[in-house]
Amino acid sequence: MSESDQSAPAVRGGRDRVPAGPVRELLAPRETALGGSTVVRRLLPNLGRRMVGAWCFVDHYGPDDIADEPGMQVPPHPHIGLQTVSWLHEGEVLHRDSLGSLQTVRPRELGLMTAGRAISHSEESPREHARLLHGAQLWVALPDAHRHTAPAFEHHADLPEITAAGLHGTVILGSLDGATSPGTVHTPLVGVDLTLREGGSTRLPLEPDFEYAVLTMSGLTEVDGVRLEPGSMLYLGSGRSELPLRALADGSLLLLGGEPFEEEIVMWWNFIGRSGEEITRARTDWMSGARFGTVHGYDGAPVPAPQLPATPLKARGRLG
């Protein structure tokens, strides 16, 4: 999925406002209509928190009953300077991109697209699709050394797993407890899908140099003593070597973390750059048909870029 805020491009990132120790910040989602019948709950960027490590965008959607609906329908659109992570708990999403990739992503499979210097793609529920659609769409900001790399798409159906009493985990990106995902990363980060059985409790090992957040996908859980309901995100700060988890009912979480992102980024619509001029150039290239290639096979027109606002670039940083 796509489309960050379409207001003035905003500067994010940098270490200055990353807490040096543990915190508990509950981030409230805001609902956004996207892709036909799909309504998402946007957790990042958030008024209280702009990034978690290199993770800069998090949408949670579903579970939605799409038996009599087209489901997800996101026409071709562009990206630069980021990676997209498609993660499903229920349903399927058909990915097409301007490299010629055509891949159905299914639950607990990793669809990882590296935009690099430029790519366009579409996402849709297959014509014959499951009744329910439930998942998350996430973006990872690319550091300056890799943001102009060639675009790429990876699909990993088999991902490493971790287990503990009452807990099962799938490592989406990065490493946790000795298990490492095959997905390509360009900064130290981690993403893990955690399933907990009712009554189960454990302590998850963490990297003290990372900052972390937890998104509740389903069920009722307690993270570091904070009760979380589906669609809520708890920002945890840094300086933690472990994280207490307890399941009040069967539930699932996404653990996201990473080293605080050193650089400031400019993020607008589907683009991540380093200046307002770079964002303007990317928009012009998309509207003129240059640079981003063509997505073949999607039944519909590409998404036109919104108008850039007349307001000047505003530096908000991680918390502004």
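Everything below is about the structure shown above.
Residues numbered from 1 in each chain as written. Predicted model: local features only at pLDDT ≥ 70, side-chain atom pairs only at ≥ 80, totals over all residues. Heavy atoms only, no water.

Trainee: Help me out: how do you make sense of the sheet that holds strand S23 (residues 242–247) in this one?
Mentor: In a beta sheet, neighbouring strands are held together by backbone hydrogen bonds and run either parallel or antiparallel to one another. Strand order across the open sheet formed by 4 strands is S18-S23-S20-S21, with antiparallel pairing between neighbours. Edge positions in the open sheet fall to strand S18 (201–205) and strand S21 (226–228), since each of these has one partner strand only. For this sheet the average axis-to-axis angle between neighbouring strands, irrespective of direction, equals 30 degrees. Of the pairings in the sheet, the one linking S18 to S23 comprises 5 bridges and is antiparallel in character. Pairing of Arg-203 across the sheet is with Pro-244, part of S23. (Pairing = 2+ DSSP bridges. Helix = DSSP H or I, 4+ residues; strand = E, 2+ residues; numbered from the N terminus. Axes fitted to C-alpha atoms, helices over the stretch in contact; angles between N-to-C directions.)

Trainee: I keep staring at the packing of aromatic side chains and nothing clicks. Help me out?
Mentor: Aromatic ring pairs are defined here through the distance separating the ring centres and the angle between the ring planes. Under the criterion given, the structure shown has 7 aromatic pairs. Relative to Phe-271, the ring of Trp-268 has its centre 6.4 Å away and its plane inclined at 40 degrees; by these criteria the two rings are tilted. Grouping aromatic residues by their ring pairs yields a cluster made of Trp-268, Trp-269, Phe-271, Trp-286 and Phe-292. The ring of Tyr-235 carries the charged tip of Arg-49 above its face, separated from the ring centre by 4.0 Å. (Phe/Tyr/Trp six-rings, centres within 6.5 Å; stacked < 30°, edge-to-face > 60°. Lys NZ or Arg CZ within 6 Å of the ring centre and 35° of its normal.)

Trainee: Before we go on, may I ask you to explain helix H1 (residues 276–288) in this structure?
Mentor: Given 3.6 residues per helical turn, the α-helix brings residues three or four places apart onto the same face. Counted at 1.5 Å a residue, the expected span for H1 with its 13 residues is 18 Å, and the 18 Å between its end C-alpha atoms agrees. Within H1, the full set of buried residues consists of Gly-276, Glu-278, Ile-279, Ala-282, Arg-283, Asp-285 and Trp-286. Looking at the buried side of H1, the elements it contacts are strand S6 (73–79), strand S11 (119–124), strand S25 (264–268) and strand S26 (271–273). After H1 finishes, the residue Gly-289 shows a positive phi value of roughly 85 degrees. (Expected span 1.5 Å × (residues − 1). Buried < 20%, exposed > 50% of the residue type's maximum accessible area, 1.4 Å probe, protein only. Contact = heavy atoms within 4.5 Å.)

Trainee: Can you help me understand the pattern of salt bridges in this one?
Mentor: Pairing between side chains of opposite charge can happen when the charged atoms of each approach one another. The full count for this structure, using the stated rule, is 13 salt bridges. Here Glu-25 ties to Arg-49 by a salt bridge, and the two come within 3.0 Å at their closest N and O atoms. Separated by 24 residues along the polypeptide, Glu-25 in strand S2 (residues 22–27) and Arg-49 in the loop between strand S4 (39–44) and strand S5 (55–65) bring together distant segments of the chain. In this structure Arg-49 comes out as buried when scored by relative accessible area, which is 1%. Here Arg-203 makes a salt bridge to Glu-242, at a shortest N to O gap of 3.0 Å. You can see Arg-203 sitting in strand S18 and its partner Glu-242 sitting in strand S23, a full 39 residues away along the chain. Residue Glu-242 is classed as partly exposed on the basis of its relative accessible area of 38%. One connected set of salt bridges, linked through shared partners, spans Arg-24, Asp-224 and Arg-240. (Salt bridge = Lys/Arg side-chain N within 4 Å of Asp/Glu carboxyl O.)

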